[in-house]
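Reading the structure
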Amino acid sequence: MRTTLTLDEDNARRLTRLRKARDASLKAVVNDVIRRGLDEAEKPPRPREPFRTKAADAGEFLFPSVKEALQALDDEYDRKKLGLP
């Protein structure tokens, strides 16, 4: 198949260096590079290790229940609203 392709300058320079180093035609080098890139791109992604965090002891609860914690927040809000320390 024949096609026209516009290359970025940096890629053209790299392909030219590779062509000279291999003493090969530009066509052969471009096809080889594309083939290798496609082979890599078509590989399934490696499974990632699940992210794990270590448990840490936070000590005693400051409030024995959520209800009491919310009450403490309400009390603090009311104190600030009234200008109390």
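Here the structure is a predicted model, which is why all the values come from computation and not from measurement.

**Thoughts on the pattern of salt bridges**
- Across all of its chains, the model carries four salt bridges by this definition.
- Note that Arg-13 and Glu-9 form a salt bridge whose closest N and O atoms lie 3.8 Å from each other. With Arg-13 and Glu-9 both in helix H1 (residues 9-22) and four residues apart, this pair spans about one turn of that helix.
- Overall, the relative accessible area of 63% leaves Glu-9 in the exposed class.
- In this structure, the salt-bridge partner of Lys-43 is Glu-40, at a minimum N-O distance of 3.2 Å.
- Taken together, the shared-partner salt bridges in this structure form one network comprising Arg-22, Asp-32 and Arg-36.

**Digging into the layout of surface pockets**
- By volume, the largest pocket is sized at about 420 Å³.
- Met-1, Arg-2, Thr-3, Leu-5, Leu-7, Leu-26, Lys-27, Val-30, Asn-31 and Ile-34 together form the lining of the largest pocket.
- The volume enclosed by the second largest pocket comes to roughly 200 Å³.
- What lines the second largest pocket is simply Leu-5, Leu-7, Asn-11, Arg-14, Leu-15, Leu-18, Val-30, Val-33 and Ile-34.
- For the lining of the second largest pocket, the elements supplying multiple residues, two or more each, are H1 and helix H2 (26-42).
- By residue number, the principal contributor to the lining of the second largest pocket is H1, which donates four residues.
- Residues that form the lining of the second largest pocket fall into these classes: seven nonpolar, one polar and one charged.

**Topic: the environment of Pro-50**
- Relative to the elements of secondary structure, Pro-50 occurs in the loop between H2 and helix H3 (66-82).
- Spatially, the C-alpha atom of Pro-50 lies 44 Å from that of Lys-80, the residues being 30 residues apart in sequence.

Rules of the game
Residues numbered from 1 in each chain as written. Predicted model: local features only at pLDDT ≥ 70, side-chain atom pairs only at ≥ 80, totals over all residues. Heavy atoms only, no water. Salt bridge = Lys/Arg side-chain N within 4 Å of Asp/Glu carboxyl O. Helix = DSSP H or I, 4+ residues; strand = E, 2+ residues; numbered from the N terminus. Buried < 20%, exposed > 50% of the residue type's maximum accessible area, 1.4 Å probe, protein only. 1 Å grid on protein atoms, 1.4 Å probe; cavity = no way out; pocket = protein on both sides within 12 Å on 5 of 7 lines; lining within 4 Å. Points joined across faces, edges and corners; volume = space filled by probe spheres on them. Nonpolar A, V, L, I, M, F, W, Y, C, P; charged D, E, K, R; others polar.

Purely geometric numbers; function is a separate question.
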